[in-house]
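A structural walkthrough
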Amino acid sequence: MKFNRPVFIIMTAAALLVAVSIFSLHIGFTAIGVTDTIGVLFGETDSMTESILFGIRLPRILAAILSGMALAVSGMLLQSVMQNSLADSGIMGINSGAGLFVVLVLFLLEGFEYSLFIIPAAAFTGGLVVAVTVLFLSYRNSLGVQPIRLVLNGIAVGAGISALMIVLSLLISHETYQFVAGFLAGTIWGTSWPHVSIIAAGLILFIPVVSSKISVLNILSMNTLNAISLGVDLKKERLILLVCAVGLASVSVSVSGAIAFVGLVAPHLSRRLVGVDHKFAMPLSALSGGLLVLIADTIGRTLFFPEALPAGVIVAIIGAPYFIYLLMTTDS
Amino acid sequence: MRYIMIFSISTIVLVSGILLSLYSGAADITAGDIRAALLNFDASDNVHVIINEIRLPRALAAAVVGAAFSVSGAVMQAMTRNPLAEPGLLGINSGALFFLTIAFSFFPHLPYLYLVLLSFAGVLFSALIVFAAVYFSKSRMTPLKLILAGVAVTLFFSSLSAALQVYFDVGQEIAFWSAGAIQNIDWHNLLIITPWFIIGMIMVMLISSNLTAISLNEETAISLGIHMTRTRIIALLAVVISAGLAVSAVGAVAFVGLITPHITRKIAGSDYKVILPLSGVLGAVLVVYSDLAARSLFAPVEIPVAVLIALIGVPFFLYLAGRVRHEI
């Protein structure tokens, strides 16, 4: 078989992801060796080890990986659709919208019992509402969604929401504030199996759509005129792909809090490694997004023990300088 | 002549705003009280104390802070030749806020002067990142790219702040502090920031003609014999001092440096000798009246002044962004 570089890189990334997951499964407060894990897998009943591995650590690892994947795919969609390599779901106001709704719901429900799914539902709705508002503001009948307007409107709406958050943060209790601060800093807080299933469902819903649009994405990311002359219905395809991007990012935010820059760093790295063809760049971007968030979360929960640093903080500390470097080196 | 008139009108508006701030509030105060409190202060009279010790320093601080934010916005717009440059949007304020978070986490009882100095350091740090991104950029930094750099810088510093807040559990204290900072300003704080404010204003006035040339065209500025490095350093230090003192007094307020310099340029053209002082006065007007509105709209509840200004600032930003779109 001929050596295929992109496939080789994708396989390596997948192997790396599995390796880091296994490593991450075995570090933490309770020392668990690989032999213990194998023992549990083969039916040795040690309920303590089993519940730490499969009740606590594994869902958290999966939540981190899946939300990283969703963010990375979402970022890549936004970049291709807007023909702007600097687009990211965080910049469109999705994160701040999700944060706003979570605070509102927590503020209204303060003192009441509420279901496990209330917060993810609020975050998802908030992200969606704000993103759709931004999309709507950027839509012109003759031209469809205009990329530059989208970015600027996203920034403006985000700034408006952070002003509202100042007011809300003064009204809520200390405990709620701590939760919200963690949420906004990108803590993987949805660490139970139901939460994992939420993101998994989102990915199962949107990924097939995205995969069926790979060739459209390749055409869209090149040149508007080319796309039209090749018979792509620009307005329609853009809208479908933007909806996928927004949906994926909102699902991710609903469980992992507001993590920025994943949607930026992962696609970029992937394009550098395997080129611009979405057939390779998209899966690699998903894998590296998952890897990035998983590594960040693992560092965050172990290095600063007993406190845990939100994954989003660590991603931002790596991602922001990288982003500024990109700004300086890319042509407009 | 025209400028002198505009200048006097806006100064009158500013002074009336400060007097209005003395007048309005929970305690019943008459115009006579204000005159008496200002001219023959009587420390045993409660009304005099309210006017002189609470309302006056607050109103004056609002004026100083507004002028400082506004002038630093004008300087940044000239230096980057970018209409959207502003300390809040470019992430400069977030650097100051990060350093203040450090202070709250490790040294909760630091005297105000040290907070101001830390705020300077934070502004310097973040401003250096932004300015470096502009000057070492391979291609021209378009307004959009600069704004995105600002978003990245803001996210970077707010993540670091969030890490500290989570680790030391001081998040809400900082929220309370920045929402209420302007209420707690007293003469002591005001006397610390005012000299810095004056130094900053002298610095920008020294380079005002250079700023005019640079804002029009950098090549022309160089061919006119303007010393670019020296101008850049003075401009940077002036921004550090004015934005830093402003954040230390009222927290990270965005958009002031965007709104007033633009209005000023509409009125006064392109000469920074006029733009700088006038945008200072108009910035003071904006913040004094916003503060007045913030505490009287829903009295007795005060809304943070940053929120009120953002409500004006967001639409203004969109309007400006729409206008500069062709060069993005």
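See the structure shown above.
Remember, predicted model here, so these are calculated numbers, not experimental data. (Residues numbered from 1 in each chain as written. Chains lettered and ligands numbered in written order. Predicted model: local features only at pLDDT ≥ 70, side-chain atom pairs only at ≥ 80, totals over all residues. Heavy atoms only, no water.)

1. Comments concerning the packing of helix 8 (residues 193-212) of chain A against helix 11 (residues 234-256) of chain A
All names here are of chain A. Inclusion rule: To get an axis, fit a line to the C-alpha atoms, keeping to the stretch in contact for a helix; angles then go from 0 to 180 degrees between the N-to-C directions. Under the scheme used here, helices are H or I runs from DSSP no shorter than 4 residues and strands are E runs no shorter than 2 residues, and both carry numbers assigned from the N terminus. What sets the label is the angle itself: under 35 degrees gives roughly parallel, over 145 gives roughly antiparallel, 65 to 115 gives roughly perpendicular, and the rest give oblique. By convention the crossing between two helices is left-handed if the near helix lies anticlockwise of the far one by an angle smaller than a right angle, and right-handed if it lies clockwise. Here a residue-residue contact requires only that any non-hydrogen atoms of the pair lie within 4.5 Å. Under the scheme applied, nonpolar residues are Ala, Val, Leu, Ile, Met, Phe, Trp, Tyr, Cys and Pro; charged residues are Asp, Glu, Lys and Arg; polar residues are all the others, including Gly.
One way to put it is that helix 8 packs onto helix 11 with a least axis distance of 9 Å and a crossing angle of 165°. Overall, the two elements helix 8 and helix 11 adopt an arrangement that is roughly antiparallel. In terms of crossing hand, the pair formed by helix 8 and helix 11 is left-handed. The segment helix 8 lies against helix 11, with His-195, Ile-198, Ile-199, Gly-202, Leu-203, Phe-206, Val-209 and Val-210 engaging Ile-240, Val-243, Cys-244, Gly-247, Leu-248, Val-251, Ser-254 and Val-255. The residue makeup of the contact of helix 8 with helix 11, split by class, is twelve nonpolar, four polar and no charged.

2. Structural notes on the packing of aromatic side chains
Think of a pair of aromatic rings as described by two things: how far the centres are apart, and how the planes are tilted against each other in angle. Residue and element names in this part refer to chain A. Cut-off, in case you're wondering: Two aromatic rings from Phe, Tyr or Trp, using only the six-membered ring of Trp, form a pair when their centres are within 6.5 Å; if the ring planes differ by under 30 degrees the pair is stacked, by over 60 it is edge-to-face, and anything between is tilted. Working definition: with a 1.4 Å probe on protein chains only, accessible area under 20% of the residue-type maximum means buried, over 50% means exposed, and in between means partly exposed.
All told, the structure shown has eleven aromatic pairs over all chains when counted by the stated rule. Geometrically, the ring pair formed by Tyr-322 and Tyr-325 is tilted, given 6.3 Å between the ring centres and 40° between the ring planes. Here Tyr-322 pairs with Tyr-325, and both are found in helix 14 (residues 311-329), just three residues apart, close to one helical turn. With relative accessibility at 40%, the residue Tyr-325 sits in the partly exposed group.

3. Some points on the pattern of salt bridges
Residue and element names in this part refer to chain A. Definition in use: Counted as salt bridges are all cases of a side-chain nitrogen of Lys or Arg within 4 Å of a carboxyl oxygen of Asp or Glu.
For the structure shown, the criterion picks out four salt bridges over all chains. With a closest N to O distance of 2.8 Å, Asp-297 and Arg-60 form a salt bridge. With Asp-297 in helix 13 (residues 278-302) and Arg-60 in helix 3 (residues 47-82), this residue pair connects regions lying 237 residues apart in the sequence. Each of the two residues, Asp-297 as well as Arg-60, counts as buried.

4. Remarks on the interface of chain B and chain A
Test applied: The buried area of a pairing is the accessible area, by a 1.4 Å probe, that goes missing from both parts when the two are put together, added over both.
Taken residue by residue, the interface counts 44 residues in chain B and 45 residues in chain A. For the pair chain B and chain A, the summed buried area comes to about 3,800 Å², and 77% of that belongs to carbon and sulfur atoms. Linking chain B to chain A there are zero salt bridges. For the side of chain B that touches chain A, the secondary structure elements donating two or more residues are helix 5 (112-135), helix 6 (143-168), helix 7 (171-180) and helix 14 (305-324) of chain B. For the side of chain B that touches chain A, the element with the most residues is helix 6 of chain B, which contributes 17 residues. Of the residues belonging to the side of chain B that touches chain A, the class tally is 32 nonpolar, seven polar and five charged.

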